[in-house]
Each structure stands twice: as structure tokens, then as C-alpha cells.
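An overview of the molecular structure
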Amino acid sequence: MLKFGAASGRQHNSDGSHTSQTPMRFGDPASYDEQRQEMVELQLRRRGVHDARVLEAMLQVPRHEFIPEEFRAQAYEDHPLPIAKEQTISQPLIIAISLQAIALTGSESVLEVGTGSGYQTALLASLTRQVYSAERHPELAETAERTLRNLGFSNVQVSIRDGSQGWKEHSPYDAILVSAAAPSVPRSLVEQLADEGRMVIPVGPPHTQHLLLVRRNGLTTTTETVDGCRFVPLVGAEGY
Ligand code: SAH
């Protein structure tokens with residue numbers, strides 16, 4: 001299991017006893033742990049997220065580490081938050097629903113389109129073998145990469161590129177997760193999906209998007225709708 005470097009609220013003394021530090025304040029790591037447990041219980045489990053691996057990953061990954069300082073106190077609230085370049089880190093529930101839909105078992109090679117803060121990237125890295133993540137804004141890609149490295153994730157590669165055309169070099173992917181809304185399912189992404197592979201992607205104009213689960217079966221695909229949602233646009237050659 002990965003280490004997240006959360007500081008303990010207790011200090012080990014040389015005689016083996018423990019000393020409690022100053023009382024917990026809002027913003028302390030322990031307080032974030034509690035908020036994260038509450039997020040998983042109230043926002044996810046009670047609303048029907050049932051995949052045990054997804055719930056566990058969301059309990060472990062410190063969402064606040066991916067959020068700009070000025071919004072960090074809201075890290076575990078039930079809504080999206082601003083990150084740099086006028087982008088957003090998605091609401092925890094939408095991320096959980098997407099991860100649950102893609103049903104990772106731990107052995108997959110996954111492409112993520114839209115690294116953003118890197119939070120969902122960290123969850124994917126906890127849930128599977130290898131993650132390739134594409135982000136078009138260099139500043140976001142660099143910040144996300146640094147955060148992921150500092151937290152000890154070593155099975156992730158972040159690349160600055162137009163992910164609407166995928167990342168051919170490492171294809172085919174067992175799963176693809178797109179976290180920006182596309183006008184339609186990009187052909188390149190379907191082509192880079194392995195046989196029996198699945199992709200979760202929000203499709204549609206700004207106010208009426210559907211989260212689609214696309215499965216590839218040889219040369220054909222089947223598509224089902226997962227849930228209504230709203231994402232920032234996928235900008236690029238096969239985006240808007
Ligand atoms: N899952 C991310 C959500 C980020 S918002 C998180 O948890 O933080 C979606 C991201 O998609 C933005 O960072 C945006 O810059 C990026 N994006 C939009 N179009 C893209 C494209 N064609 N290629 C790569 N990234 C893209």
C-alpha cells in the first residue's frame with residue numbers, strides 16, 4: 001500500500017511512551033483524515049457508491065494535497081473546486097461514479113485524459129497497475145506530476161498533449177477515463193482501447209452532458225449512460 005506521509009498526532013518518546021501534541025485544529029492532517037472519512041461515508045457510500053476498492057482508495061488519497069492553498073479548507077466538500085487555468089477538480093461523487101463504472105481490478109493499463117489537479121490520477125494509480133495521463137495545460141501537468149511524486153506514486157506518467165487524440169505510444173489501454181466533456185466519443189480513443197476495454201467519458205454540450213460507458217468488442221462498441229453530470233470542455237482536435 002502507498003504511503004501518504006500524513007503526520008501522526010502523537011510523538012514517540014525515547015522511553016517508549018507517547019506524548020500528545022497540541023489539540024487538533026481545523027487544517028491539521030488528522031482533521032483532514034476525519035473529513036475524508038465523512039466524505040466517503042456521507043457523500044459516497046450513502047449515495048450508492050458500493051465498489052469497496054474505490055471507497056478504500058478515496059479514503060486513502062489525500063484530496064487536499066491536490067487543491068490550491070486558498071481552497072484547501074473546502075477539499076472534502078460536496079462540490080467541484082477551482083484549480084489553475086480556470087479548470088476544476090471534479091466533485092468527489094462524480095469521480096467515484098466514474099471509477100466505479102470503469103471497474104478496475106488492479107492489472108490494467110489505463111489512459112486518463114485531463115490530469116487537472118492529479119487527484120483522480122492518484123486514485124487510478126492506487127487502483128491499477130499503470131496510469132498514463134494527458135493534460136493540455138503545462139502548468140497543471142507539472143503541478144500534478146510534482147504532487148504525485150511527493151506522495152510516492154511511481155506507476156504514473158503525465159504528458160503535456162492533446163488527449164482528445166489519446167496517447168498512441170502506450171496503447172492499447174484496458175481502460176480510458178476522460179474527465180473533460182467531449183462533443184462526441186473521439187475515434188482515436190476508441191481505436192486505442194484494447195479489445196474488451198472500456199472507456200468512461202462525459203459527452204455533450206455544457207449543460208446537458210451524459211457520462212457514457214463505452215465497451216469495445218472487436219470492431220464494434222456498445223454504449224450505456226452512467227449518470228448526468230457537468231464537466232469543463234475537452235479542448236482539442238477531436239474535442240471542442
Ligand atoms: N480529473 C481532474 C479534472 C480536471 S478538469 C481532477 O481531478 O482534477 C479537466 C481537465 O481536462 C482540465 O485540466 C483540462 O485542462 C483538461 N483538458 C481539456 N481538454 C484536454 C485535452 N484535449 N487534452 C488533455 N487535457 C485536456
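Cut-offs used in this document
By convention here, each chain's residues receive numbers from 1 onward along its written sequence. This being a predicted model, a pLDDT of at least 70 is required before a residue's local features are given, and a value of 80 or more before pairs of side-chain atoms are given or counted; all residues contribute to the totals for chains, interfaces and linings. Values reported for side chains reflect all heavy atoms of the structure, with hydrogen atoms and water molecules removed beforehand. Here a residue is considered near a molecule or strand provided that any single heavy atom belonging to it is located within 4 Å of it. Here a polar contact means two N or O atoms within 3.5 Å. Within protein one must be a hydrogen donor candidate and the other an acceptor candidate, and residues neighboring in sequence count only if both atoms are side-chain atoms. Each accessible area is a Shrake-Rupley estimate made with a 1.4 Å probe; only the visible protein chains count as cover when residues are assessed. Of the grid points, spaced at 1 Å and generated over the protein atoms alone, those admitting a 1.4 Å probe that cannot get out make up cavities, while open sets with protein on both sides within 12 Å along at least five of seven lines make up pockets; any residue with an atom within 4 Å of a point is treated as lining. Pocket or cavity membership: a molecule qualifies when more than half of its atoms sit within 2 Å of the grid points of that site. Grid points are joined across faces, edges and corners, and a volume is the space filled by probe spheres set on the points. Each residue carries a pLDDT score, the predictor's confidence in it, ranging from 0 to 100. In this description, contact between two residues means that some pair of their heavy atoms is separated by no more than 4.5 Å. Between buried and exposed lies partly exposed: a residue is buried under 20% and exposed over 50% of the maximum accessible area for its type, with that area taken using a 1.4 Å probe on protein chains only. We count a stretch as a helix when DSSP gives it H or I for four or more residues in a row; a strand needs E for two or more, and each element gets its number in order from the N terminus. Nonpolar cores were defined as sets of buried Ala, Val, Leu, Ile, Met, Phe, Trp, Tyr and Cys residues, with membership established by side-chain atoms within 4.5 Å. Criterion for a salt bridge: a side-chain nitrogen of Lys or Arg within 4 Å of a carboxyl oxygen of Asp or Glu. Each pair of strands is called paired provided DSSP finds at least two bridges between the two strands.

**Description of the site of the ligand**
Taken together, 24 residues lie near the ligand, and Ser117, Glu135, Asp162, Gly163 and Val235 sit nearest. Arg136 is positioned with one of its backbone polar atoms (N or O) 3.3 Å from a nitrogen atom of the ligand. At 2.8 Å, a backbone N or O of Gly163 approaches a nitrogen atom of the ligand. Calculation on the ligand without its partners gives an accessible area of 580 Å², and the protein chains cover 99% of this total. Cavity membership is defined here by more than half of the atoms lying within 2 Å of grid points; on that basis the ligand lies in the largest pocket.

**Observations concerning empty space enclosed by the protein**
Counted by the stated rule, this structure contains one cavity of 30 Å³ or more. Looking at the largest cavity, its volume works out to about 30 Å³. Lining the largest cavity are Asp51, Arg53, Val54, Leu99, Leu104 and Leu127.

**As for the confidence of the model for the protein**
When pLDDT is averaged along the protein, the result is 88; 86% of the residues meet or exceed 70. Counted against residues more than four places away or in other chains, residues 1-22, with its pLDDT under 50, gives 24 contacts.

**Focus: helix α3 (residues 92-102)**
With 11 of 11 residues buried, α3 is to be regarded as a mostly interior element. Listed as buried for α3 are Pro92, Leu93, Ile94, Ile95, Ala96, Ile97, Ser98, Leu99, Gln100, Ala101 and Ile102. The first or second residue beyond α3 is Ala103, which carries a positive phi of 45°.

**With respect to the nonpolar core**
Grouped together as the largest cluster of nonpolar side chains are 45 residues, with contacts concentrated most on Leu44, Met58, Phe66, Leu99, Tyr119, Leu123 and Phe153. Element by element, the count of residues in this core is highest for α3, at seven residues. Among all residues touching Met58, those that are not within four sequence positions of it are Arg36, Met39, Val40, Leu44, Pro92, Ile95, Ala96, Tyr119 and Leu123.

**Quick notes on the side chain of Asn155**
In this structure, Asn155 sits in the loop between α5 (138-150) and β7 (156-160). Overall, Asn155 belongs to the buried group, its relative accessible area being 16%. Within the structure, Asn155 has its side chain in polar contact with the backbone oxygen of Thr128 (distance 3.2 Å).

**A short note on the pattern of salt bridges**
Enumeration over the complete set of coordinates arrives at six salt bridges. With a closest N to O distance of 3.7 Å, Glu69 and Arg72 form a salt bridge. Under the relative-accessibility criterion, Glu69 is labelled exposed at 62%. As a salt-bridge pair, Lys85 and Glu139 come within 3.6 Å of each other at their nearest N and O atoms. Placement of the pair is Lys85 in the loop between β3 (81-82) and β4 (88-89) and Glu139 in helix α5, with a sequence separation of 54 residues. Overall, Lys85 belongs to the partly exposed group, its relative accessible area being 42%. A residue is classified by how much of its surface remains accessible, and Glu139, at 41% relative accessible area, is partly exposed.

**Thoughts on the pairing of strand β5 (residues 109-113)**
Among the five residues that make up β5, five are buried, leaving the element largely enclosed by the rest of the structure. Neither face of β5 is left uncovered, since the one carrying Ser109, Leu111 and Val113 and the one carrying Val110 and Glu112 both have all their residues buried. Where β5 and strand β6 (residues 130-135) come together, five bridges link them in parallel fashion. Each bridged residue has a counterpart across the sheet, and for Leu111 the counterpart in β6 is Tyr132.

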